[in-house]
Amino acid sequence: GENVEQHPSTLSVQEGDSAVIKCTYSDSASNYFPWYKQELGKRPQLIIDIRSNVGEKKDQRIAVTLNKTAKHFSLHITETQPEDSAVYFCAASNSLGGTSYGKLTFGQGTILTVHP
Amino acid sequence: KAGVTQTPRYLIKTRGQQVTLSCSPISGHRSVSWYQQTPGQGLQFLFEYFSETQRNKGNFPGRFSGRQFSNSRSEMNVSTLELGDSALYLCASSLGLAGGAHEQFFGPGTRLTVL
């Protein structure tokens, strides 16, 4: 089955810096890659996602890039703010069927801390 | 639209008991997936239901089961509880259509503590 590796496990940056979190996946059939932000005691919130027919997607300060050949995708946060501090999870799925249907396989999470 | 809701929010049980958790998806969503979140194992997929049918299942023992009703609400049951079942149980809903919108939106979770 699918396996998703996420790095780094912790990331500490100064306010205004950029943050990059990287994930690799194993199943070439995966075609949907969401990123979730989970604040302490809260539910995971979908912040951005990308499909395999797209190489990059941006939403204000957040961007995601996908390299299908290398099977890795990354989350980029620019101009970080203290409210960006949270745990970030990447995930992979196959929206067309197969063993990943309806199933998100998550990375282990990255604890991002943005210092004022 | 109202978001995904889960009840109860907190549960305390003892070993050997059983528990039933409930999830109401976003209106119009027909797929409900369940995940277990623990500090050691992270977020792990339990199962997914679409139109009252289980479409996918994760690597959990048979003590974990679920079902979905005609209104898309879903329940999961854990029988013969073990200490290791203590976790946050999250459900997520999506439209669930093949090749279509696949975004999963999470509920607040049920925090289960097994003593």
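This section reports on the structure supplied with the text. (Residues numbered from 1 in each chain as written. Chains lettered and ligands numbered in written order. Predicted model: local features only at pLDDT ≥ 70, side-chain atom pairs only at ≥ 80, totals over all residues. Heavy atoms only, no water.)

1. Some points on the interface of chain B and chain A
It is common to report an interface's size as the accessible area lost on association of the parts. Definition in use: We call two residues in contact when some of their heavy atoms are within 4.5 Å. As used here, buried area is the combined drop in accessible area, with a 1.4 Å probe, of two parts when they are placed together. The rule for a salt bridge is simple: a side-chain nitrogen of Lys or Arg has to be within 4 Å of a carboxyl oxygen of Asp or Glu. Working definition: helices are DSSP H or I runs of at least four residues, strands are E runs of at least two. Numbering for both runs from the N terminus.
Taken together, the contacts link 24 residues of chain B with 21 residues of chain A. Summed over both partners, the interface of chain B with chain A comes to about 1,800 Å²; 55% of that surface belongs to carbon and sulfur atoms. Among the residues chain B hides against chain A, the three largest losses belong to Leu43(B), His102(B) and Phe106(B). Together they make up 33% of the total. Our count for the contact surface shared by chain B and chain A stands at one salt bridge. Its salt-bridge partner being Arg51(A), residue Glu103(B) comes within 3.9 Å of it at the nearest N-O pair. Elements supplying a minimum of two residues to the side of chain B that touches chain A: β4 (31-38), β5 (42-50), β6 (53-57), β9 (87-94) and β10 (105-106) of chain B.

2. Some details on the packing of aromatic side chains
Note the following rule: Two aromatic rings, drawn from Phe, Tyr or Trp (for Trp, its six-membered ring), form a pair once their centres lie within 6.5 Å of each other, and the interplanar angle then sorts them: stacked below 30 degrees, edge-to-face above 60, tilted otherwise. Throughout, exposure labels follow a simple rule: accessible area from a 1.4 Å probe, protein chains only, divided by the maximum for the residue type, with under 20% read as buried, over 50% as exposed, and the rest as partly exposed. Any Lys NZ or Arg CZ that is within 6 Å of a ring centre and within 35 degrees of that ring's normal is treated as a charge sitting over the ring.
Under the defined criterion, the tally for this structure stands at 13 aromatic pairs over all chains. Here the aromatic rings of Tyr25(A) and Phe73(A) are separated by 6.1 Å at their centres, their planes lie at 55°, and the arrangement is tilted. Highlighted residues: Tyr25(A) in strand β3 (residues 19-25) and Phe73(A) in strand β8 (residues 72-77), separated in sequence by 48 residues. Each member of the pair, Tyr25(A) together with Phe73(A), is buried. Their ring planes at 70° and their centres at 5.6 Å tell us that Trp35(A) and Phe73(A) sit as a pair that is edge-to-face. You can see Trp35(A) sitting in strand β4 (residues 32-38) and its partner Phe73(A) sitting in strand β8, a full 38 residues away along the chain. For the pair Trp35(A) and Phe73(A), a shared accessibility class is recorded, and that class is buried. Connected via pairs of aromatic rings, a cluster forms that spans Tyr36(A), Phe89(A), Phe106(A), Tyr35(B), Phe45(B) and Phe106(B). Note that Arg55(B) overlies the ring of Phe50(B), its terminal NZ or CZ placed 4.2 Å from the centroid.

3. What about the environment of Ser93(A)?
All names here are of chain A. This is how the line gets drawn: Counting of polar contacts relies on pairs of N or O atoms within 3.5 Å, with two restrictions inside protein: one atom must be capable of donating a hydrogen and the other of accepting it, and residues adjacent in sequence are counted only when both atoms are side-chain atoms.
As for its placement among the helices and strands, Ser93 is situated in the loop between β9 (86-92) and β10 (105-106). Its relative accessible area of 0% is what places Ser93 among the buried residues. Put simply, Ser93 and Gly55 are 38 residues apart on the chain and 16 Å apart in space, counted from C-alpha to C-alpha. In terms of polar contacts, Ser93 uses its side chain to reach the backbone carbonyl oxygen of Lys103, at 3.1 Å.

4. Details of the state of the cysteines
Residue and element names in this part refer to chain A. The condition that has to hold: The rule for a disulfide is simple: a pair of cysteine sulfur atoms within 2.5 Å.
By the definition in use, this model includes two disulfides over all chains. Residue pairing for Cys23: its cysteine sulfur links by disulfide to Cys90, the two sulfurs lying 1.9 Å apart. Handedness here is read from the sign of the S-S torsion; for Cys23 and Cys90, about -100°, the answer is left-handed. Remark: Cys90 occurs in strand β9 and Cys23 occurs in strand β3; sequence separation between them is 67 residues.

5. Considering the side chain of Asp85(B)
Residues and elements named next belong to chain B. Residue position: Asp85 is located in the loop between β8 (74-78) and β9. You can call Asp85 buried: its relative accessible area is 4%. Setting aside residues up to four positions removed in sequence, Asp85 forms contacts with Gln36, Arg63, Phe64, Val78, Thr80, Leu112 and Val114.

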